[in-house]
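So you can see what is in the structure, the chains are spelled out below.
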Amino acid sequence: MDVPAYFDVVDGGFVPTRFAASQWSAAQVVGPALTGLLARELEREHATDGFVPVRLTVDLFSAARFEHTTTPTVRVRDGRRIRVADVSVVQGGKVAARASAVLLQPSEQPPGELWHREHEPRPPAPDIAPPSELPLVPLFSSGTDTQSWSVKPTDHENAGRKRTWQHPIRVITGEELTPFVRAAVVGEATSMMTNWGDKGIGFINTDMTLALSRMPEGYEIGVEGDSHLSERGMAVGVATLFDRRGSFGSAMVTSVSNAGRQISNAQLDIAVSSRR
């Protein structure tokens, strides 16, 4: 069975597929596609010798187009316990996006108890989101009812806390997602979960920083908004990532107002419906 993906491998690089189109513009590559591609390249080139990626920062400063794309990487530091690497998305000789990663060598836990959230995010019940090895349409929830999951964004046309549960499509055609790349793809939903209000989405994120205490388990990942702070058309949003075992990471985005091209809740319905 053909599984949808964001990119095809072509001539030593990548070409976006139709699934990579953004809701902001059909000529623009969507954020999860870029974060997934950058995470893939960093992991393949630098997560070796026991090193594990724990932080990914993606800068989305220029619209990536539906063009042939290359992803050169460079290792910035190669220490005994800490490794740092960079990667860029290059189209037509210009950099459209870039990312950096910090990779660590796992070690023993130090002693002592630490503070934890009082209320951990809760995934949807298995009868609402049955396990599947194939990508599924995203589920959404809002407010204090953490089990009010549905596939229609207009069911959550409110100013409450937002959360999503996703089993994403692949980044590269014919290639299963690794846990790290899966977290990067779904983690980009932090922008939607923290910038989504009762009138839709009016902020577009300029970056995404993902920090992981462990790799996600299973095919599905949840993102729950923790905060949205904004003024004068600039916003910061933070979210928690979780799976059926519990929380495993955080993500943060900075965003800029795109009110002239506001995405309404009805448009979100159409976008989600088209993925079925």
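Right above here is the structure, for reference.
Residues numbered from 1 in each chain as written. Predicted model: local features only at pLDDT ≥ 70, side-chain atom pairs only at ≥ 80, totals over all residues. Heavy atoms only, no water.

Visitor: Now, about the sheet that holds strand 1 (residues 5–10): what can you tell me, with residues and values included?
Guide: If you walk across this open sheet you meet the 3 strands as 2-1-9, and the pairing is mixed. The outermost strands of the open sheet, each flanked by one partner alone, are strand 2 (13–16) and strand 9 (170–172). Across the sheet, the axes of successive neighbouring strands diverge by a mean angle of 30 degrees, strand direction being ignored. (Pairing = 2+ DSSP bridges. Helix = DSSP H or I, 4+ residues; strand = E, 2+ residues; numbered from the N terminus. Axes fitted to C-alpha atoms, helices over the stretch in contact; angles between N-to-C directions.)

Visitor: Could you give an account of the pattern of salt bridges, naming the residues involved and the relevant values?
Guide: For the structure shown, the criterion picks out 15 salt bridges. Between Arg170 and Glu176 there is a salt bridge, with the nearest N and O atoms lying 3.6 Å from each other. Here Glu176 falls in the partly exposed class, since its relative accessible area comes to 38%. A salt bridge links Glu176 to Arg182; the shortest N-O distance between them is 3.1 Å. Residue Arg182 is classed as buried on the basis of its relative accessible area, which comes to 4%. Three or more residues joined by partner-sharing salt bridges are found here, namely Arg117, Arg161, Arg163, Glu224 and Asp226. (Salt bridge = Lys/Arg side-chain N within 4 Å of Asp/Glu carboxyl O. Buried < 20%, exposed > 50% of the residue type's maximum accessible area, 1.4 Å probe, protein only.)

Visitor: Just give me the short version of the side chain of Arg83, but keep the residues and values in it.
Guide: Mapping Arg83 onto the fold places it in strand 5 (residues 82–91). At 2.7 Å, the side chain of Arg83 and the backbone oxygen of His46 are in polar contact. Only 3.3 Å separates the side chain of Arg83 from the side chain of Asp49, close enough to count as a polar contact. Apart from residues no more than four positions distant in its own chain, Arg83 is found in contact with His46, Thr48, Asp49, Phe51, Arg75, Arg77, Asp78, Ala101, Val102 and Leu103. (Polar contact = N/O pair within 3.5 Å; in protein donor to acceptor, adjacent residues only side chain to side chain. Contact = heavy atoms within 4.5 Å.)

Visitor: So what's going on with a nonpolar patch on the surface? Which residues, and what values?
Guide: On the surface, a nonpolar cluster with roughly 250 Å² of combined accessible area is contributed by Leu229, Val236 and Met252. Mapping Met252 onto the fold places it in strand 16 (residues 246–257). Residue classification places Met252 among the partly exposed positions, given a relative accessible area of 35%. (Patch = residues over 30% accessible without salt bridge, like charges linked within 9 Å, V, L, I, M, F, W, Y side chains within 5 Å. Areas by Shrake-Rupley, 256 points an atom, 1.4 Å probe, with all protein chains shown as cover.)

Visitor: Describe in detail helix 2 (residues 179–187), supporting the description with residues and values.
Guide: The buried fraction of helix 2 amounts to 8 of the 9 residues, a majority that puts the element mostly inside the structure. Turning to helix 2, its buried residues number three or more, namely Phe180, Val181, Arg182, Ala183, Ala184, Val185, Val186 and Gly187.

Visitor: So what's going on with unusual backbone geometry? Residues and values would help.
Guide: With phi around 50 degrees, Asp11 is a residue other than glycine that occupies positive phi space. With respect to the element layout, Asp11 can be found in the loop between strand 1 and strand 2. A positive phi angle, near 55 degrees, is found at Arg232, a position not held by glycine. Along the chain, Arg232 turns up in the loop between strand 14 (221–231) and strand 15 (234–243).

Visitor: Account for the nonpolar core, naming residues and giving values.
Guide: Residues Tyr6, Phe7, Leu56, Val171 and Leu210 are the most contacted members of the largest nonpolar core, which totals 56 residues. Formed by 5 residues, the second largest nonpolar core is a distinct cluster that contains Ala129, Trp149, Trp165 and Phe242. (Core = buried A, V, L, I, M, F, W, Y, C linked by side-chain atoms within 4.5 Å.)

Visitor: Give a detailed account of the layout of surface pockets, specifying residues and quantitative values.
Guide: Approximately 700 Å³ is the volume attributed to the second largest pocket. In terms of lining residues, the second largest pocket is bounded by 24 residues, among which Ser107, Glu108, Gln109, Pro110 and Ser213 are the most central. Across the lining of the second largest pocket, the residue classes tally to 12 nonpolar, 7 polar and 5 charged. (1 Å grid on protein atoms, 1.4 Å probe; cavity = no way out; pocket = protein on both sides within 12 Å on 5 of 7 lines; lining within 4 Å. Points joined across faces, edges and corners; volume = space filled by probe spheres on them. Nonpolar A, V, L, I, M, F, W, Y, C, P; charged D, E, K, R; others polar.)

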